[in-house]
Amino acid sequence: MAKLQSLDPHTPMFTQFKEATGPIVLANTFFVPKERTESFLALFRRQAEFMKAQPGFVSLQMHQGTGDSRLLMNVAVWESTEALATAFGSPEFQRMAAEFPDDIVSYPHIFEQIDA
């Protein structure tokens, strides 16, 4: 299973799930060893198809770091933290998440839009 790390140690993703808010953006940055990129993306696409069918899902985009970067970033919009938490906690999603190799590191964080 991929290692989950917090971008902000004061508010890990599981703590953020307790916030009743929305719409929200999940920004999940992954460190993926070069030799695992294709297999990672294949598994991620399976997960994305599952998530797209879940109540409250709005949109998803995957981005890759430029140059020789080993970073990939998923940006997903959800109607609420509750919808994301329900989908994330489902047994089917957890089975897929367990398939990621241990050398992949995931840095998920939930954001709300603010006026700039």
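Look above for the structure.
The rules behind each value
- Residues numbered from 1 in each chain as written.
- Predicted model: local features only at pLDDT ≥ 70, side-chain atom pairs only at ≥ 80, totals over all residues.
- Heavy atoms only, no water.
- Helix = DSSP H or I, 4+ residues; strand = E, 2+ residues; numbered from the N terminus.
- Buried < 20%, exposed > 50% of the residue type's maximum accessible area, 1.4 Å probe, protein only.
- Core = buried A, V, L, I, M, F, W, Y, C linked by side-chain atoms within 4.5 Å.
- Contact = heavy atoms within 4.5 Å.
- Pairing = 2+ DSSP bridges.
- Phe/Tyr/Trp six-rings, centres within 6.5 Å; stacked < 30°, edge-to-face > 60°.
- Expected span 1.5 Å × (residues − 1).
- Salt bridge = Lys/Arg side-chain N within 4 Å of Asp/Glu carboxyl O.

A few words on the overall build of the protein chain. Tallying secondary structure elements over the protein chain gives 4 helices and 5 strands in all. Reading the helices (α) and strands (β) of the protein chain from amino to carboxyl end gives β-α-β-α-β-β-α-α-β. Projected onto the principal axes, the alpha-carbon positions of the protein chain cover approximately 40 × 35 × 25 Å. Of all 116 residues assigned to the protein chain, the portion counted as buried reaches 40%.

Okay, the nonpolar core next. Counting residues in each nonpolar core, the largest one holds 28 residues, and the members touching the most others are Phe 40, Trp 78, Leu 84, Ile 104 and Ile 110. Discounting chain neighbours no more than four positions away, the residues touching Leu 84 are Phe 17, Ile 24, Leu 26, Trp 78 and Ile 110.

Right, let's talk about the pairing of strand 5 (residues 105–111) for a bit. Summarising burial for strand 5: 5 of the 7 residues are buried, a large majority. Taken together, the 2 bridges between strand 1 (residues 3–4) and strand 5 define a ladder with parallel strand orientation. Each residue of the ladder has a partner; that of Lys 3, found in strand 5, is Val 105. In this structure, strand 2 (residues 24–31) lies alongside strand 5, joined through 7 bridges in antiparallel fashion. Bridging from a neighbouring strand, Thr 29 pairs with Tyr 107 of strand 5.

Where two aromatic rings form a pair, the distance of their centres and the angle of their planes describe that pair. Enumeration according to the criterion identifies 10 aromatic pairs in this entry. When the ring of Phe 30 is compared with that of Phe 44, the centres are 6.3 Å apart and the planes differ by 75°; the resulting orientation is edge-to-face. Within this pair, whereas Phe 30 is found in strand 2, its partner Phe 44 is found in helix 2 (residues 37–52), the two being separated by 14 residues in sequence. For the pair formed by Phe 30 and Phe 44, the shared burial category is buried. Members of the aromatic cluster, each reached through a chain of ring pairs, are Phe 14, Phe 17, Phe 50, Phe 88 and Phe 93.

The next point concerns helix 2. Taking 1.5 Å per residue as the helical rise, helix 2 with its 16 residues ought to reach 22 Å, and the 22 Å between its terminal C-alpha atoms agrees with that figure. Here helix 2 has its buried residues at Thr 37, Phe 40, Leu 41, Leu 43, Phe 44, Gln 47, Ala 48, Phe 50 and Met 51.

A complete count under the given rule lists 4 salt bridges for this structure. Among the salt bridges present, the one from Arg 46 reaches Glu 99, with a minimum N-O distance of 3.0 Å. Of this pair, Arg 46 sits in helix 2 while Glu 99 sits in the loop between helix 4 (91–97) and strand 5, and the two are 53 residues apart along the sequence. A relative accessible area of 43% means that Glu 99 is categorised as partly exposed. Two residues, Glu 49 and Lys 52, come together in a salt bridge whose shortest N-O distance is 3.6 Å. You can see Glu 49 and its partner Lys 52 sitting in helix 2, 3 residues apart, about one turn around the helix. Given the relative accessible area of 42%, Lys 52 is considered partly exposed.

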